[in-house]
Amino acid sequence: MVDIKYLDLLAQKYGSEEKVATEIINLEAILDLPKGTEHFVSDLHGEYHAFQHVLRNGSGNVKMKVKDLFEAEMNEWEINEFATLIYYPEEKMKLVKSHFTSKEELREWYLETIGRMLKLVAYASSKYTRSKVRKALPEQFTYIIEELLYKKDELEDKKDYYEKMLDRIISLGQADKLIVGLAYTTQRLVVDHLHVVGDIYDRGPDPHKIMDTLINHHSVDIQWGNHDVLWLGAYAGSKVCLANIIRICARYNNLDIIEDAYGINLRPLLNLAEKYYGDNPSFRPKRISDEILTEQEQMQITKIHQAISIIQFKLESPIIKRRPCLHMENRLLLEKVDYENSEVTLHGKTYALKDTCFATVDPEKPAELLEEEKQVIDKLLFSIQHSEKLTRHMNFLMKKGGLYLKYNGNLLIHGCIPLDEDGSMKAMEIEDKTYAGRELLDVFERYVRHAFARPEETDDFATDMIWYLWTGENSSLFGKREMTTFERYFIAEKETHKERKNPYYFMRENEDMCRKMLEEFDLNPDEGRIINGHTPVKEIDGEDPIKANGKMIVIDGGFSKAYQSTTGIAGYTLLYNSYGMQLVAHQLFNSKEDVLTKETDVLSVKRLVNEELERKKVKQTNIGKRLLQEIDNLNSLREHRYMK
Ligand SMILES: O=P(O)(O)OC[C@H]1O[C@](O)(COP(=O)(O)O)[C@@H](O)[C@@H]1O
Ligand SMILES: [Mn+2]
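Keep in mind the model is a prediction, meaning the values are calculated, not measured. (Residues numbered from 1 in each chain as written. Chains lettered and ligands numbered in written order. Predicted model: local features only at pLDDT ≥ 70, side-chain atom pairs only at ≥ 80, totals over all residues. Heavy atoms only, no water.)

### Considerations on the overall build of the chain
Phase 1: Looking only at helices and strands, the chain features 28 helices and 17 strands.
Phase 2: Taking 644 residues into account, the globule formula puts the C-alpha radius of gyration at 26 Å, and the chain, at 28 Å, falls close to it.
Phase 3: Overall size of the chain, expressed as C-alpha extent along the three principal axes, is 95 × 70 × 45 Å.
Phase 4: In the chain, which comprises 644 residues, the share counted as buried stands at 57%. (Helix = DSSP H or I, 4+ residues; strand = E, 2+ residues; numbered from the N terminus. Rg over C-alpha atoms; globule rule 2.2 N^0.38 Å. Buried < 20%, exposed > 50% of the residue type's maximum accessible area, 1.4 Å probe, protein only.)

### Quick notes on the packing of helix α5 (residues 76–87) against helix α6 (residues 89–97)
Geometrically, a packed helix pair is captured by the angle between its two axes and the distance between the axes.
Phase 1: With their axes 6 Å apart at the nearest point, α5 and α6 run at an angle of 135 degrees to one another. For the element pair α5 / α6, the angle class is oblique. Contact with α5, carried on its side by Glu81, Thr84, Leu85, Ile86 and Tyr87, involves Pro89, Lys92, Met93 and Val96 of α6 and no other residues of that element. (Axes fitted to C-alpha atoms, helices over the stretch in contact; angles between N-to-C directions. Parallel < 35°, antiparallel > 145°, perpendicular 65-115°, else oblique. Contact = heavy atoms within 4.5 Å.)

### Quick word on the coordination of the manganese ion (ligand 2)
Phase 1: Around the manganese ion (ligand 2), the protein supplies Asp199 (OD), Asn226 (OD1), His414 (NE2) and His534 (ND1) as donor atoms, at distances of 2.2 to 2.3 Å.
Phase 2: Site description for the manganese ion (ligand 2): donor spacing in sequence, D-x26-N-x187-H-x119-H. One end of the pair, Asn226, is in helix α13 (residues 226–235); the other, His414, is in the loop between β9 (410–413) and β10 (428–430), and 188 residues separate them in sequence.
Phase 3: Taking relative accessible area as the criterion, His414 reaches 0% and is therefore assigned buried. (Donors = N, O, S within 2.8 Å, 3.2 Å for Na, K, Ca; no water.)

### Let's talk about the site of ligand 1
Phase 1: Around ligand 1, the structure places 14 residues, and the nearest of them are Arg251, Tyr252, Arg488, Glu499 and Tyr563.
Phase 2: In this structure, Asp199 approaches ligand 1 through a side-chain N or O atom, which is 3.2 Å from an oxygen atom.
Phase 3: Contact with the protein chains hides 88% of the accessible area of ligand 1, taken as 460 Å² for the molecule alone.
Phase 4: Residue composition of the shell around ligand 1, by class: 4 nonpolar, 4 polar and 6 charged. (Near = heavy atom within 4 Å. Polar contact = N/O pair within 3.5 Å; in protein donor to acceptor, adjacent residues only side chain to side chain. Areas by Shrake-Rupley, 256 points an atom, 1.4 Å probe, with all protein chains shown as cover. Nonpolar A, V, L, I, M, F, W, Y, C, P; charged D, E, K, R; others polar.)

### Examining the sheet that holds strand β12 (residues 530–532)
Phase 1: Strands sit in the order β8-β9-β12-β14-β13 across an open sheet of 5 strands; the sheet is mixed. Edge positions in the sheet fall to β8 (404–407) and β13 (546–547), since each of these pairs with one other strand and no more. (Pairing = 2+ DSSP bridges.)

### Notes on the packing of aromatic side chains
Phase 1: Tallied over the full model, the rule gives 20 aromatic pairs.
Phase 2: Seen from their ring centres, Trp109 and Tyr110 are 5.7 Å apart, and the 50 degrees between their planes marks the pair as tilted.
Phase 3: The buried category is assigned to Tyr110, whose relative accessible area is 7%.
Phase 4: Judged by centre distance (4.5 Å) and plane angle (25 degrees), the rings of Tyr201 and Trp231 are stacked. Separated by 30 residues along the polypeptide, Tyr201 in the loop between β2 (193–196) and α12 (207–215) and Trp231 in helix α13 bring together distant segments of the chain.
Phase 5: Judged by relative accessible area, which is 0%, Tyr201 ranks as buried.
Phase 6: Taking the relative accessible area as the measure of exposure, Trp231 reaches 2% and is therefore buried.
Phase 7: Grouping aromatic residues by their ring pairs yields a cluster made of Phe283, Phe313, Tyr339, Phe358, Phe486, Tyr489 and Phe490. (Phe/Tyr/Trp six-rings, centres within 6.5 Å; stacked < 30°, edge-to-face > 60°.)

### So, the pairing of β8
Phase 1: Sheet analysis places β8 next to β9, joined by 4 bridges and oriented antiparallel. Note that in β9 the partner of Tyr404 across the bridge is Ile413.
Phase 2: Between β8 and β9, which pair antiparallel in sequence order, lie 2 residues; one of them, Asn408, sits at a positive phi of approximately 45 degrees.

### Section: the domain arrangement of the chain
Phase 1: When the domains of the chain are assigned, the result is domain 1 (4–33 + 621–642), domain 2 (57–190) and domain 3 (226–490).
Phase 2: Its C-alpha centre places domain 1 at a distance of 36 Å from the equivalent point of domain 2. (Domains from an automatic or database assignment.)

### Thoughts on the pattern of salt bridges
Phase 1: For the coordinates displayed, the defined rule picks out 41 salt bridges.
Phase 2: A salt bridge links Arg116 to Glu73, with the shortest nitrogen-to-oxygen separation between them at 3.2 Å. Taken together, the residues span a long stretch of sequence, with Arg116 in helix α7 (residues 103–124) and Glu73 in the loop between α4 (61–70) and α5 at a distance of 43 residues.
Phase 3: Glu368 is the salt-bridge partner of Lys365, the closest N and O atoms lying 3.9 Å from each other.
Phase 4: The network of salt bridges with shared partners includes Glu104, Arg107, Glu108 and Asp167. (Salt bridge = Lys/Arg side-chain N within 4 Å of Asp/Glu carboxyl O.)

### Quick notes on helix α25 (residues 511–520)
Phase 1: Of the residues making up α25, those classed as buried are Met513, Cys514, Met517 and Leu518. Seen along its axis, α25 keeps its buried residues to an arc of 140 degrees; they face one direction.
Phase 2: Two or three places before Asp512, at the start of α25, stands the capping residue Asn510, its side-chain oxygen 2.8 Å from that residue's backbone nitrogen.
Phase 3: Looking one or two places after α25, you find Asp522, whose phi comes out positive at around 55 degrees. (Arc of directions from axis to C-beta.)

### Side note on the sheet that holds strand β6 (residues 349–352)
Phase 1: Strands sit in the order β4-β5-β6 across an open sheet of 3 strands; the sheet is antiparallel. Looking at which strands have only one partner, the edges of the open sheet turn out to be β4 (337–338) and β6.

### With respect to the nonpolar core
Phase 1: Counting 191 residues, the largest nonpolar core has Leu214, Trp231, Ile430 and Phe490 as its most contacted members.
Phase 2: Sorting elements by how many residues they give to this core places helix α17 (residues 295–322) first, with 10 residues.
Phase 3: Counting the residues that make up this core, at least three belong to each of domain 2 (57–190) and domain 3 (226–490).
Phase 4: In contact with Leu214, other than residues within four places in its own chain, are Phe51, Leu194, Val196, Ile200, Val220, Ile222 and Phe396.
Phase 5: With 14 residues, the next largest nonpolar core counts Ala11, Leu33, Val618 and Leu627 among its residues. (Core = buried A, V, L, I, M, F, W, Y, C linked by side-chain atoms within 4.5 Å.)

Here it is as C-alpha cells:
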C-alpha cells in the first residue's frame, strides 16, 4: 500500500513527471556502478600521524593507481615522489619547489604535475557519477577542474583552450592551490567509506586529532571500542570511568590530552597528589622515550597517577556492592587487602603487596573517599562535561557509533560476542531479564544511550553499565574474566596479572562457530565475515589475522606504539572494493618527515582475503538497497500521479 502523504511530499520535491523520470534513470545508473571501496581500521589508540598516513595513502591504494597509470613513463623514484605529493601536498610541494632555479623550470613542473594529477583524478573517479565526483572537488576550482577533466584532446582548438587555461592558472598564482586541491580529491576518491572498528582513545598522544579528522571525513562509521566507551562513560557522568581515563593518560604520559586538548584543569588533582604521594616505580609514566621529561615532571605524573588510581579503586567498590547482578564481588580488592601485613588473598592464595600507596585509605573503610578526593573528582566531572571540544567529540561518537554494525553483509565488532565454553551464546541476567548474543549487545547499547542522554545522573544503573562494558566479564567490548589493573600495580607474581579470555577468542578460529554468529545477527553465513579489532594479532609469533577459513578477520595490528613489539607490525587495514577484500599489513611508520624527505613510504604487504567472482555492484550493497527502495517510491509516484 502506498502512503499517500509520503507521495505528496515526494511530488513536492520533484514537481514534474520529467524530473521523476530523470531521477529514476539517474538512480538506476548508480546501481550498475562498481561498489565503492570500504576501508577498515581499528585500534588507532591516539596514533594520529600513523592513522593520517594510511588515510592519505588509502592503504597503498594511491600508489597502486599511480603505478597503473604512469609505470611506463616514470621511474620508481619519480613514482614515489609523485605519490608523496598526493599524500602531503603542502609540505612536499615546498620541498620540490626549493630545487628549481628558474621560473621556466617551475612552469614546466606545474604543467606536467597538474596534467598527471588530472589523469589520476579521472582514473580514480571512473567508478563514480559526475555528481559524486563534483562533491569531492575543491570548491573554488570545480568549474576549471571539470573543464580539464572531461577534455577531449583530439580537437585542436580545444587543446589550445586547455593549455591557455593551465597557463593562466599558473600566471595568476593559483597552481599551488590547485595541486593541493587535486591531491585531496584523489585521497578522497580512493576510499569511499571508512569504518573505524573501535579504540580511537588511550595510550597514544592524539585521539582528539583523530576525532577532528573523523568529524571532517566524508563518510565514516565507528564501532565503539572499550576505550571509547570509557570516555563516553566519563562524559555521561560515570566518575569511575573518568578516574580510569585520567589514570591511563597519566600512565602513558598523555595528561596533555586532558589539560591542553580538552581544557581541563588538573591543578586540584595535582595538589592532592603532592600532598599524599611520593615516588613509586610502579606508577612512573610509560612512553617517555619520544619526549624527554625532567625528573620533576616525571615525579608529578607519578604522583597524579597514584592519586587517581586510588580514587578509581575506591569508586569501584560502591558500584559492585549496589549491583549484585554484575557479579563482580571478587573485584572488591581494597576490602580484601590485609593492611597490617601488606598482603592480599586472591583465589585462595596470599600474595605480598609491593609499591603500595594507601596513604588515603582507611583500613576500616577502605573504599571511602576523603573529602578532598570527592571534591577533586566532582570538579573534574564538572570540567569534562563542560569542555566544548569533548562535547563535540563525544556527540560525534554517539552519532556515528554503535556497539556493532552490519554493513554489506559483514558484521563489524570491536571485541566479541560473549560465548560459553560449549559455544552457546553466553547469557546474562540484567534487571530480571536474560539476554544473550545479539540481544545482549542491543541491551548494552541501549544503556549507553540512556546514560549519555542523562549526564547529570552519575550513580544510576545505565551509567554503571557503561563501566561494566569497560571491565565486566560479559562485556562484548572487554571479553575477559577480570581486569587485573590492581594486581599489575601491586603484586609481583605474574600469574595474578593474567586476564583469562572469553571462549570466543579461541572459538572464533572455527568456521562453523563464525557462521553461527553471523546467523545470530541475521547475516548470510555464506557471504558475510566478522571483522574484529581489540586483540593484537601477534604476527611475530606467526598468528594469522585471517581466521576460520576467511570468515573472521582480526585487524588489530598495533597502531599503538606501546604494542608494536608484541605484534611485530604497525597495524592492519582492510580494503573491500568491487573486486574483493584485501588485508594490508603496515610496517613501522616513523614520521611524516621521513616520508617527505626519503620517500620511505611505509611498506605495506597485501594479502588477498577473497576475490569476487563477478565485480560487485552498488546494487548489491546497503546503499544499493536504499536506492532500490527510492526507485520503488518514485515509480509509485509516477503511477499514481502522472499515468492516467
Ligand atoms: O597495557 P596496559 O596499559 O597495562 O593496559 C592493559 C589493560 O588494557 C586492556 O588490554 C584493555 O585494552 P585493549 O582494549 O587495548 O586491549 C585490559 O585488558 C588490560 O587490563
Ligand atoms: Mn580494545
